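# Structural overview for review
Below are the chains, spelled out letter by letter.
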Amino acid sequence: MTTLSERPHTALLVIDVQQGVVASAYERDAFVANIASLVDRARAEDVPVVWVQHSDDELEKGGDDWRYVPELPRRDSEPLVHKNYGDSFEATDLERVLAEAGVGHLVVTGAETDACIRSTIHGAFARGYDVTLVADAHTANDQSEWGAPPPEQVIAHTNLYWRWQGAPGRKAAVTDAKDVKFGG
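On a predicted model such as this, the values are computed, not experimentally measured, just so you know.

Right, let's get into the side chain of Gln-18. Mapped onto the secondary structure, Gln-18 falls in the loop between β1 (9-15) and α1 (19-22). By relative accessible area, which is 0% here, Gln-18 ends up buried. A polar side-chain atom of Gln-18 sits 2.9 Å from the main-chain carbonyl oxygen of His-54. Not counting residues up to four positions away in its chain, the partners in contact with Gln-18 are Val-52, Gln-53, His-54, Leu-59, Asp-65, Trp-66, Arg-67, Tyr-68 and Val-69.

The structure is reproduced here in structure tokens:
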């Protein structure tokens, strides 16, 4: 139960599923298909879908790599949050968007697991949100040449440790896309 007591709603957060971010990501097509299914379900259930889009020196705003993958078209009525840091809340209007929609529970999907996903789930949890990480709807690229574990291990580890997060008045959860429940 969120500590944001006046915010009973849930939102689907889709983070950085941009062409340049996920072009060679682990299990890219399955991951994108799982998110597309969740977007369709959220829309059918009138659950807000909030899109987050990263830009920096390597991911130039407006460029082809910066654009969302074509399989995930955003509706004009759905909020788009632009960010420059890993945590989707840092120096963005995400908190305002969620407050206006009465959202206290986030269902989180996107890329990359070991960067923006981890930063955002921790940032949301610290700000009082309940956070459900969708186990099969976040991904990473292979960073093993720089000492990171292979992407499947990064994803598995993040799913494992997020299941056991706890804090007063907040709930962390991990679930597969097919088992996501947007209500409550």
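Further remarks concern unusual backbone geometry. Look at the link from Ala-111 to Glu-112: it is a cis peptide, with omega at -15°. With a phi angle near 55°, Asp-16 is a residue other than glycine that sits in the positive phi range. Asp-16 gets classed as buried once you look at its relative accessible area, which sits at 2%. Phi at Asp-46 takes a positive value of approximately 55°, unusual for a residue other than glycine. Note on placement: Asp-46 falls in the loop between α2 (28-44) and β2 (49-54).

Quick look at the sheet that holds β1 now. One open sheet holds the seven strands; their spatial order is β3-β2-β1-β4-β5-β7-β6, and the pairing between them is mixed. The strands lining the two open edges of the sheet, one partner per strand, are β3 (80-83) and β6 (166-167). Two elements, β1 and strand β4 (residues 103-111), share seven bridges in a ladder whose sense is parallel. The residue bridging Ile-15 from the neighbouring strand is Gly-110, located in β4. Set on the sheet, α2 makes contact with β1, β2, β4 and β5 (130-139); between it and β5 the angle comes to about 140°. Contacts between helix α5 (residues 151-163) and the sheet are confined to β5 and β7 (170-175), with β5 contributing the most and set at about 165° to the helix.

Parameters at a glance
Residues numbered from 1 in each chain as written. Predicted model: local features only at pLDDT ≥ 70, side-chain atom pairs only at ≥ 80, totals over all residues. Heavy atoms only, no water. Helix = DSSP H or I, 4+ residues; strand = E, 2+ residues; numbered from the N terminus. Buried < 20%, exposed > 50% of the residue type's maximum accessible area, 1.4 Å probe, protein only. Polar contact = N/O pair within 3.5 Å; in protein donor to acceptor, adjacent residues only side chain to side chain. Contact = heavy atoms within 4.5 Å. Pairing = 2+ DSSP bridges. Axes fitted to C-alpha atoms, helices over the stretch in contact; angles between N-to-C directions.

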